[in-house]
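Inside the fold
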Amino acid sequence: MNKAEPQLSQIPLTQLRGVGPALQKKLQQLSINNVQDLLFHLPLRYEDRTRINTIASARVGETVQLQGEVINSSIQFGRRRSLHCTLVDDSGFISLRFFHFSAAQKNSLAPGTKIRCYGEVRRGRNGMEIYHPEYRVSTDLEDEPLSDSLTAIYPLTEGLQQARLRNIIQQALTYLGGSTPENDSDKKLSLPDYLPESLSTSLGLYELNDAIRLIHKPPIDAPLDWLSAGVNPGQSRLAFEELLAHRLCMRRFKNDSETQIAPQFEKKNSLSASFLASLPFKLTGAQQRVSNEIIDDLSRVCPMLRLLQGDVGSGKTVVAALAALQAVSAGYQVALMAPTELLAEQHLANFTQWFEPLGIQVGWLSGKIKGKARAQILASLQEGECQLLIGTHALFQDEVIYHKLGLIIIDEQHRFGVHQRLSLREKAGTHKLNPHQLVMTATPIPRTLAMSAYADLDNSIIDELPPGRTPVNTAIISSERRDQVVERIAQACAQNSQVYWVCTLIEESEVLQCQAAEVTEEQLRKLLPNIRIGLIHGRMKPKEKVGVMQSFKNGELQLLVATTVIEVGVDVPNASLMVIENPERLGLAQLHQLRGRVGRGSKQSHCILLYQSPLSKAGQQRLSVMRESNDGFYIAEKDLELRGPGQVLGTQQTGLMSFKVADITRDANLLDQVRDASELILSQHPDIIDPLIWRWLGDNTDYVNV
Ligand code: ADP
Ligand code: MG
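To start, this report covers the structure provided alongside it. (Residues numbered from 1 in each chain as written. Chains lettered and ligands numbered in written order. Predicted model: local features only at pLDDT ≥ 70, side-chain atom pairs only at ≥ 80, totals over all residues. Heavy atoms only, no water.)

**Details of the layout of surface pockets**
The condition is simple: With a 1 Å grid spanning the protein atoms alone, the term cavity applies to any set of points in which a 1.4 Å probe fits but cannot get out, the term pocket to an open set with protein on both sides within 12 Å along at least five of seven lines, and the term lining residue to any residue with an atom within 4 Å of a point. Grid points are joined across faces, edges and corners, and a volume is the space filled by probe spheres set on the points. Each helix is a run of DSSP H or I of at least 4 residues and each strand a run of E of at least 2, with the numbering of both proceeding from the N terminus.
Each pocket or cavity is described by its volume, and for the second largest pocket that value is around 1,100 Å³. Along the wall of the second largest pocket there are 41 residues; nearest its centre are G313, G315, R469, D571 and R600. Counting residues per element, the ones that place at least two in the lining of the second largest pocket are α10 (316-329), α11 (341-355) and α18 (588-595). Element by element, the count of residues in the lining of the second largest pocket is highest for α11, at six residues.

In structure tokens form, the structure reads like this:
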């Protein structure tokens, strides 16, 4: 495409109807800055709004479209103020609850108002409820048209409603050209399709513009699981291109790194020996082997780029510590980055305990450290006094200047995209040498995928757990037997055990997830009045979170109600029971991560997967994998095999890497083609590498121009 021609990326959002500065700002939070970005903001899934359900037929856990009259509307004061409306149709009544609402909204839902609404039915305080349904007020419901195709559901940000976003994406689509006659007019703009035609033809790929349109506007007869099942040809087209862009990016990075020079650290050093002698245990065979691989890398002249995989509890931290000691012995600094403050603090506690006796200065930096404390740590880092710096992504802000950084360790727990990680190296380079990188991940990657997807990282696997662990006993129980589960909690607490209750993601919105946890906590308090209960979720301040975790750790709290935030690195050996609510919503890898929080002490531990019945056949099969095995790699392989129709979550949550469209598990069948195509492009079409990478990785590619 000629650069002088108008492009979709040059059309400002404000050109769309209803987009003013406020909405523009919200969209920017989703990295949407122009019409082209909107087109690449793809739905997570679809919903069926082609028919109306009756209230009487609605079941807990189902997503329904209802219509009727509001007969009561009032503000209720509980733990959290909410607007509560009662909706009736000819068959019955149901509650609608809004935690965020304006006065205008309350007025618009006055008794007598007729509405059509859509949402997930849940068990409420008194009967069935829908939280924050999408709704539309109408004076004449009978004449309101129904959708004639599936409705796309998009990832949101706080304060942006689904209907609003859908509306502007539909507007954006009117600008988009394509290969079909009705879309091939002069007024339409097309996205450049970079793929060589011969390649698209031989792989039978959809044209790019048509592919995008198809995903946003599925045809009338498309099945509900069209996205999750991976049979949408538009989606495959985009997933292919995205995987290709990532692959090209990795290849380029790997090629670059082979020409770079890293500091070389002696293999033998006295710090490592003292450290090993101070540990109350011996390294497992697997830890030993993996350590040797790393020690070897660190003694070489080109920068290490190694992925360290190991199941939860396999002892990756000790291996990382040995790598750090090798760098410190050689007079270099080490940065250890964790994805959350909670996990970083845990590392700080461990490393301080291990390293201070060896005379090593351990420092701490997070976004929360301000003023004098910050100035102090920054100075000691720049002067080289601080030898190991632990923290969150704050470690790589521009103002953080290292004296002599030799090794970067990233404990990623699958929160960082590969490419963000890779770009860190550039930010970190303060001298002519490039630091080594060790990336730890607790999400086991199925071997079949690791071969393709991570082909350009060196890979070390700890495939053995330290001795003396008892596998967690897992039970799958229907939510209809919730009372018995609550009874189990009472018994466990009576025996001085501690318990986690995990509430899983219920919507695209984190706000709602946290609210669900609050409601659950409230219910459990009523049912278990003698038990000391705490609550932790992602919207609490870091300090509050750390406080709650501390109380749980030292036994003041017996039961901790949590959202999936506890997935990350929490270590409370006395916790021996975990209840995971609606486990069918999560990927197996994530469930395995969560479950790894129990079974850390000597007691026999239990995990209860409290599913919402009825559970689909596929759901049953998936959960039974959790019952059969405690082996993360086995679980990951099974997940790959079984994941198919019925997967509720979109690509963001699946954990392996962060993609917009692709999902390595679902799209595993594309990986071989992607590998071959990337070789073809590297050798024959190098000019499209940059535009492809830019399109899919955009700002995350500081290193592209190395
Ligand atoms: P993860 O791989 O999940 O990060 P950690 O490094 O946190 O695991 O280790 C989990 C626990 O196992 C820690 O309490 C650690 O001290 C302990 N541990 C690590 N290696 C061994 C070993 N070889 N023998 C016994 N315990 C070990
Ligand atoms: Mg860990």
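**Overview of helix α8 (residues 270-278)**
Note the following rule: Each residue is assigned to one of three classes by its accessible area relative to the maximum for its type, calculated with a 1.4 Å probe on protein chains only: buried under 20%, partly exposed between the two thresholds, exposed over 50%. The arc under discussion is defined with respect to the helix axis, by the directions toward the C-beta atoms. Whenever a nitrogen or oxygen atom comes within 3.5 Å of another N or O atom, the pair is scored as a polar contact, on the condition that within protein one atom can donate a hydrogen and the other can accept it, and that pairs from neighbouring residues in sequence are kept only if both atoms are in side chains.
What α8 keeps buried is the set L271, S272 and F275. Across the axial projection of α8, the buried residues extend over an arc of 95°, all falling on one side. Structural note: α8 exposes S270 and A277 on the side pointing more than 90 degrees away from its buried face. Of the residues flanking the start of α8, the one acting as N-cap is N269, its side-chain oxygen 3.1 Å from the backbone nitrogen of L271.

**Considerations on the sheet that holds strand β18 (residues 533-536)**
How we decide: For two strands to be treated as a pair, DSSP must find at least two bridges joining them. Interaxial angle, 0 to 180 degrees, is taken between N-to-C directions of lines fitted to C-alpha atoms, where a helix line uses only the stretch in contact.
Across the sheet, six strands lie side by side as β16-β21-β20-β17-β19-β18; this open sheet has parallel pairing. The open sheet has two free edges, formed respectively by β16 (473-478) and β18, since each of these has just one partner strand. Looking at each pair of strands side by side, their axes are set apart by 20° on average, direction ignored.

**Describing the nonpolar core**
Note the threshold: We define the nonpolar core as a collection of buried residues of types Ala, Val, Leu, Ile, Met, Phe, Trp, Tyr and Cys that are connected through side-chain atoms lying within 4.5 Å of one another. Note on definitions: a residue-residue contact is assigned when non-hydrogen atoms from the two residues lie within 4.5 Å.
Among the nonpolar cores identified, the biggest contains 63 residues, and F355, L365, L389, Y402, L407 and I409 are the most heavily contacted of them. Looking at this core, the element that brings in the most residues is α10, giving 10 residues. Those residues in contact with L407 that sit more than four places away from it in its chain are L298, M304, A323, A324, A327, Q333, V334, A335, P435, H436, Q437 and L438. Judged by nonpolar contacts, the second largest core, of 60 residues, contains L150, L205, L214 and A239.

**So, the environment of L87**
Along the polypeptide, L87 turns up in strand β3 (residues 81-88). Each C-alpha atom of the pair L87 and K114 lies 8.8 Å from the other, and the pair is 27 residues apart in sequence. Those residues in contact with L87, other than ones at most four positions away along the chain, are I55, L66, G68, E69, V70, G92, F93, I94, L96, I115 and C117.

**Re the packing of α10 against α11**
Defined as follows: Should an angle lie under 35 degrees it is considered roughly parallel, over 145 roughly antiparallel, and from 65 to 115 roughly perpendicular; all remaining angles are considered oblique. If you view the pair so one helix is near and one far, a crossing is left-handed when the near helix is turned anticlockwise from the far one by less than a right angle, and right-handed when it is turned clockwise. Following the grouping adopted for this structure description, the nonpolar residues are Ala, Val, Leu, Ile, Met, Phe, Trp, Tyr, Cys and Pro, the charged ones are Asp, Glu, Lys and Arg, and the polar ones are all others, Gly among them.
Look at α10 against α11: their axes get within 12 Å of each other, and the N-to-C directions meet at 55°. The angle between α10 and α11 falls in the class oblique. The two elements α10 and α11 cross, and the hand of that crossing is right-handed. On α11, the residues that touch T317, V318, A321, A324 and L325 of α10 are H347, F351, W354 and F355. For the contact of α10 with α11, the residue count by class is seven nonpolar, two polar and no charged.

**What about the packing of aromatic side chains?**
For any pair of aromatic rings, geometry is given as the distance between the ring centres together with the angle between the planes. What counts is decided by this rule: For Phe, Tyr and Trp, rings pair up if their centres lie within 6.5 Å, where Trp contributes its six-membered ring, and each pair is then called stacked (planes under 30 degrees apart), edge-to-face (over 60) or tilted (otherwise). By definition, being over a ring means that NZ of Lys or CZ of Arg is both within 6 Å of the ring centre and within 35 degrees of the ring normal.
Inspection of every chain in the model, using the stated rule, returns nine aromatic pairs. Each ring, one from F275 and one from F355, has its centre 6.2 Å from the other, and the planes form 90°; the classification is edge-to-face. With F275 in helix α8 and F355 in helix α11, this residue pair connects regions lying 80 residues apart in the sequence. The pair formed by F275 and F355 is uniform in burial state, with each residue classed as buried. Taken together, the aromatic side chains of F275, F351, W354 and F355 make up a single cluster linked through ring pairs. Between K404 and the ring centre of Y332, over which it is positioned, the NZ or CZ distance is 4.5 Å.

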